[in-house]
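# Overview (structure and organization)
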Amino acid sequence: MMHLPMMHNTTMRTTFTPTTDVYEQLREMAKRSGKSMSSIVNELLRKAIWNEPREMPPKYRVRAKPLGLRQGLDPERLSSLLTELETSDFDHS
């Protein structure tokens, strides 16, 4: 006998007790839109949960420090120098 996983496509029923001002606002929104209050609450919760503004990371400043390179060593050529050294190592192995 083959067992298939059970799929549930039901809604969860829960109790929600809004304050009077929130209830009045929800009732008015439902009346204007022709939707149920449950639909309105679900839409508002979805927006609040998934569309909340992302907190921006704090700004930071990079402070440059002297590299302490020997005189005559061009920092712009360090990448090409590294490539030359790697190629040289490869040729000798």
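Residues numbered from 1 in each chain as written. Predicted model: local features only at pLDDT ≥ 70, side-chain atom pairs only at ≥ 80, totals over all residues. Heavy atoms only, no water.

### Some words on the overall build of the protein
Defined as follows: What counts as a helix is a DSSP run of H or I of at least four residues, what counts as a strand is a run of E of at least two, and both are numbered from the N terminus. Each residue gets one of three labels from its accessible area relative to the maximum for its type: buried under 20%, exposed over 50%, partly exposed in between, using a 1.4 Å probe on protein chains only. Throughout, the Shrake-Rupley method with a 1.4 Å probe supplies accessible areas, and for residues the shown protein chains are the sole cover considered.
Looking only at helices and strands, one finds three helices and zero strands in the protein. When the helices and strands of the protein are read in sequence order from the N terminus, they spell out α-α-α. Classification of the 93 residues of the protein by burial places 4% in the buried group. Surface exposure of the protein reaches about 10200 Å², of which carbon and sulfur atoms provide 56%.

### Topic: helix α1 (residues 20-33)
Which entries qualify depends on this criterion: To estimate the expected span of a helix, count its residues, drop one, and scale the result by 1.5 Å.
Look at α1: 20 Å from first C-alpha to last across 14 residues, which is about the 20 Å you get at 1.5 Å a residue. One or two steps after α1, the chain reaches Gly34, where phi turns positive at roughly 75 degrees.

That is the geometry; function is a separate question.
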